[in-house]
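Summary of structural features
Given next are the chains, with one letter for each unit.
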Amino acid sequence: MHKFKILFLLLLIWTFAGAQKPQKPNSAEIYNQIQKLNFLGSVLYIAAHPDDENTRLISYLSNKTKAQTAYLSLTRGDGGQNLIGSQLRELLGVIRTQELLEARKIDGGEQFFSRANDFGFSKNPEETLEIWDKEKVLSDIVWTIRKFQPDVIINRFDHRTSGNTHGHHTSSAMLSVESFDLTNNPTIFPEQLKWVQPWHTKRQFFNPSWWFYGSKEKMDAADKSNFIKIETGVYYPTIGKSNQEIAALGRSCHQSQGFGSTGIRGEETEYLELINGEAPKDKTDIFDGIDTSWNRVQGGKPIGELISTILSKYNFTNPSASVPDLVKAYLMIQDLDENHWKEIKTIEIKKIIAACSGLYLEAVAENQEATPGSLIKLKLEAINRSSIAMNLKSVTTLPVSKNILQNLDLVNNISHTINLDLQVPSTIEYTQPYWLKEKATEGMYSVSDQRNIGIPESDREVKIAFNMEINGIQIPFEHTVVYKYNDDVKGEMYNYLDIVPEVTTSFIDKVLLFKNTEVKSVAVKIKAGKESIKGELQLDLPKNWIVSPKSIPFNLDKKGTEQTVYFEVTPPKSPEDIVARSIAIVDNKRFDKEQIIINLNHITKQQVLKPSEAKFIRMDLKTLEEKIGYIMGAGDEVPNSLTQMGYKVTLLNPEEITPEKLANFDVVMTGVRAYNTVQALANKQNILFDFVKSGKTMLVQYNNPNDLVTSNIAPFPLKVSRDRVTEENAEVRFLAPNHPVLNYPNTITSKDFEGWKQEQGLYYPNEFDKAFTPILSSNDKGETPKNGALLIAPYGKGYYIYTGLSFFRELPEGVSGAFKLLANTISLKSKVTIPAEKIKP
């Protein structure tokens, strides 16, 4: 069998077995795993984004049907919003990838992706497929089907509803349908056949939901007589949960999207419409007519019979009694010639043998990070908690494949500890999401190695193979090296071992504004990835930008220590945007990466390495001396950008908002989705409106129209809609060209809307009181004008401003026009109170 196929299957099974903390199944869970061992059928669910998947159906097919069940999400959700932090774009994609993996651990499914980049909301599939490379995404779907070999494919979205939903949604269905007749054709993407074989899927379905019909009532009334009907509201006595409760736990893993779900109990029905292939005669069984027994594998019938015997004799109080027969079944599987199911079931049965016997194997590194070429100290643990005869013959360190003899008899419940050193190859790659290693386009990630396409995350190369002899039979168990520590509050904690550069650097400010030619101090942080690292740091800037000194030496004694150094940078006279780079030189070797750690409680800790860069902007930006109180919402970087602009910014605790505290500020701003996420605002509106009435300014950034904490978000009637302008380069028309917000203290022109990223704005109000003056008008191609991007209303002596413009995306990207327009909104009240000579150039 191809080495690649084995690697792929290891990623499938072991990655989902328990990313960090080792899986310790109880007796009932082991029994369910043995049941699954005896089912040889697979189903692939296809949609566009993380959180598009139907966790109820995935859970049912995995836990009730016992099928190999996988979800292919074409994107990683990079273009979405983030309710739990300020990470956007590729960093959000990393978070949402891990959220999907956590969901699959709960519902028992597996996870795949294509190279498609979620570039943001798209209103039709034509735009989506123009920005995506359609042929490459189609190739990725065909590749995944040929690897996974599903008997059944289920689409979440309808391929016939162009323009009725997110363009990514419809595109996922259209490409899935197109792929159905391609996967078995060897002339289609023939370069894939070096690693996989053509595959014919038996049938393909569309899985409608009530939102497809418009409401639950309409779905109930629709004619579904020709649909497959699956009763998914089952109860699993050995687990103690309903299928919906398991699905809700999986759904709740999508924390960045605010998709916490409450499990329900009782009857529930899913419907499937056949769109390709042979219809099942049994309208309740998607596998009808498909042999899902061991009989589908040549020589497999005796294996199925033996596993059936194991199930019938299974002792819930002594699972180890099944080990002798499981070892026999393992040997029989190794004797098979067939590849696909042989490798899947080999990995499954090894997990079951270990679980039944209480065999616990672990490889723990002394430190969580290591550099290429370093020596890692490992502590191995091996214990057999059964009467089954076991011997640890040897251990093999990977990736160097060094075999170390042990010959340890593992007597019942006697723990064995092995200390050893593992040499990390100097050529090993840094730990990094594989799809971020190469330069991406707006619509596609670049992955040169075909074998990596589709897998959820990078394979971690540092492993230990425990070569066991169980009941006289040699069985290897491979475990990824982890780092384990004890937290005084949380207890035992696990992380993976990360391979890191010897030194990383990062600009403290990712965007620096130079409003004039004055010298500005630029801070760069240096972090040691190993002991005793010394060198010098340089900034790479164009010649017309002057930096002093040319280089700064550094000497860091301890691994993990940090040092911040400062350069003086003088910008040119003319406006210019540049990308600045920091480079550390150590022993004539250049290090140019920034280490970004994403460490959230609900996902596995992630390391992302990006070029150490910052955007320097020399622009003629005029600001005043306003003091700003900022109420954080879902999370954004706008306060940092305001500080760069020269404002004094204070983060306000919503619970502590009082008239006295607000009196210190000229402007109060609410962060993105504050009225969706900050419940305390519901009781603070009168205080905030009085603040405006007294002669101050309130600026409210976008909110989702659903789940507002109060309908009273403005002092005048205002209705937030789902209107948005997704074409970031759409023409912007000035509805009130003489309004101060477009003229003071900066003159705004159409050029200030050039170079915006991903979108212009979202969730614009479409109904608002006549007290509001709409400032801007724009629309996507073929749509009516959207006039709610920026609304301004005088209230008392002050101004209330509502904007759906995506300042939260544009400012961290260094979009000059966004800075100028935001400065004008902040200075709106000051137009009549501060003389021109007070404007800060």
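Taken in spatial order, the seven strands make up an open sheet running β34-β33-β35-β36-β43-β42-β40, and their pairing is mixed. At either margin of the open sheet sits one strand with a lone partner, and together these are β34 (648–651) and β40 (773–774). Here strand β33 (residues 627–631) runs beside strand β35 (residues 667–670); their pairing, made up of four bridges, is parallel. Considered in β35, the bridge of G629 is made with V668. Contacting β33, β35, β36 (697–700), β42 (790–795) and β43 (798–803), helix α17 (residues 685–693) crosses the sheet at an angle of about 125 degrees to β43.

Strand order in this open sheet of four strands is β21-β23-β27-β25, and the pairing throughout is antiparallel. Both outer strands of the open sheet, β21 (503–507) and β25 (546–548), are each paired with one neighbouring strand and no more. Neighbour-to-neighbour, the strand axes of the sheet open up by a mean angle of 30 degrees, direction not taken into account. Inspection of the sheet shows β25 paired to strand β27 (residues 562–570) by three bridges, in the antiparallel sense. Each residue of the ladder has a partner; that of S548, found in β27, is E568.

With that settled, the discussion passes to the packing of helix α2 (residues 27–37) against helix α11 (residues 301–312). For the pair α2 and α11, interaxial distance at closest approach is 10 Å and the crossing angle is 160 degrees. Taken together, α2 and α11 sit at an angle that is classed as roughly antiparallel. For the element pair α2 and α11, the recorded crossing hand is left-handed. Here Y31, I34, Q35 and L37 of α2 lie close against α11, whose contacting residues are I307, I310 and L311. For the contact of α2 with α11, a count of residues per class yields six nonpolar, one polar and no charged.

Attention now moves to the pattern of salt bridges. This model, assessed by the stated rule, comprises 40 salt bridges. The shortest N-O distance in the salt bridge between E783 and K123 comes to 2.6 Å. Placement of E783 in the loop between β41 (776–777) and β42 and of K123 in the loop between β3 (110–113) and α5 (125–131) is noted, with a sequence separation of 660 residues between them. Judged by relative accessible area, E783 falls into the partly exposed class, the value being 29%. Each of the salt bridges in this network shares a partner with another, and the network as a whole consists of K123, D780, E783 and K786.

Per the counting criterion, the structure on display carries 26 aromatic pairs. Ring centres of Y314 and F316 lie 4.8 Å apart, and the angle between their planes is 90 degrees; this geometry places the pair in the edge-to-face category. Look at W545 and F616: their rings are 5.9 Å apart centre to centre, the planes differ by 45 degrees, and that puts the pair in the tilted class. Residue W545 is found in the loop between β24 (533–540) and β25, and its partner F616 is found in strand β32 (residues 613–618); the two are separated by 71 residues along the sequence. Of the two residues, W545 and F616, neither departs from the other in class, the shared state being buried. An aromatic cluster is built from F689, F716, F768, F772, Y795 and Y800, whose rings are joined through pairwise contacts. Sitting over the ring of Y271, K224 keeps its end group 5.2 Å from the ring centre. Positioned above the aromatic ring of Y763 is the side chain of R724, whose terminal nitrogen or guanidinium carbon lies 5.3 Å from the ring centre.

By the bridge criterion, two bridges tie strand β10 (residues 360–365) to strand β18 (residues 482–487) in an arrangement that is parallel. Note that in β18 the partner of A365 across the bridge is Y483. The pairing of β18 with strand β19 (residues 491–496) spans six bridges and is antiparallel. Along β19, the bridge assignment pairs K484 with Y494. Where β18 hands over to β19, the hairpin turn is made up of three residues, counted between the paired strands.

A separate point is the nonpolar core. Ranked by size, the top nonpolar core spans 74 residues in total, and within it L642 and M669 carry the most contacts. In terms of residues, this core owes the most to one element, helix α19 (residues 816–826), which gives six residues. Discounting chain neighbours no more than four positions away, the residues touching L642 are I628, Y630, Y647, V649, M669, L822 and I826. Counting residues in hydrophobic clusters, the runner-up holds 58 residues, among them L37, I352, I353 and V395.

With that out of the way, let us pick up the confidence of the model for the protein. Mean pLDDT over the protein stands at 93; residues scoring 70 or higher make up 96%. Low pLDDT (under 50) marks residues 1–19, which in the prediction has 51 contacts with non-local residues, meaning those over four places away or in another chain. Confidence over residues 832–841 falls short of pLDDT 50; this stretch has 19 contacts with residues more than four positions distant or in other chains.

Cut-offs and rules
Residues numbered from 1 in each chain as written. Predicted model: local features only at pLDDT ≥ 70, side-chain atom pairs only at ≥ 80, totals over all residues. Heavy atoms only, no water. Pairing = 2+ DSSP bridges. Helix = DSSP H or I, 4+ residues; strand = E, 2+ residues; numbered from the N terminus. Contact = heavy atoms within 4.5 Å. Axes fitted to C-alpha atoms, helices over the stretch in contact; angles between N-to-C directions. Parallel < 35°, antiparallel > 145°, perpendicular 65-115°, else oblique. Left-handed = near helix turned anticlockwise from the far one by under 90°. Nonpolar A, V, L, I, M, F, W, Y, C, P; charged D, E, K, R; others polar. Salt bridge = Lys/Arg side-chain N within 4 Å of Asp/Glu carboxyl O. Buried < 20%, exposed > 50% of the residue type's maximum accessible area, 1.4 Å probe, protein only. Phe/Tyr/Trp six-rings, centres within 6.5 Å; stacked < 30°, edge-to-face > 60°. Lys NZ or Arg CZ within 6 Å of the ring centre and 35° of its normal. Core = buried A, V, L, I, M, F, W, Y, C linked by side-chain atoms within 4.5 Å. pLDDT = per-residue confidence, 0-100.

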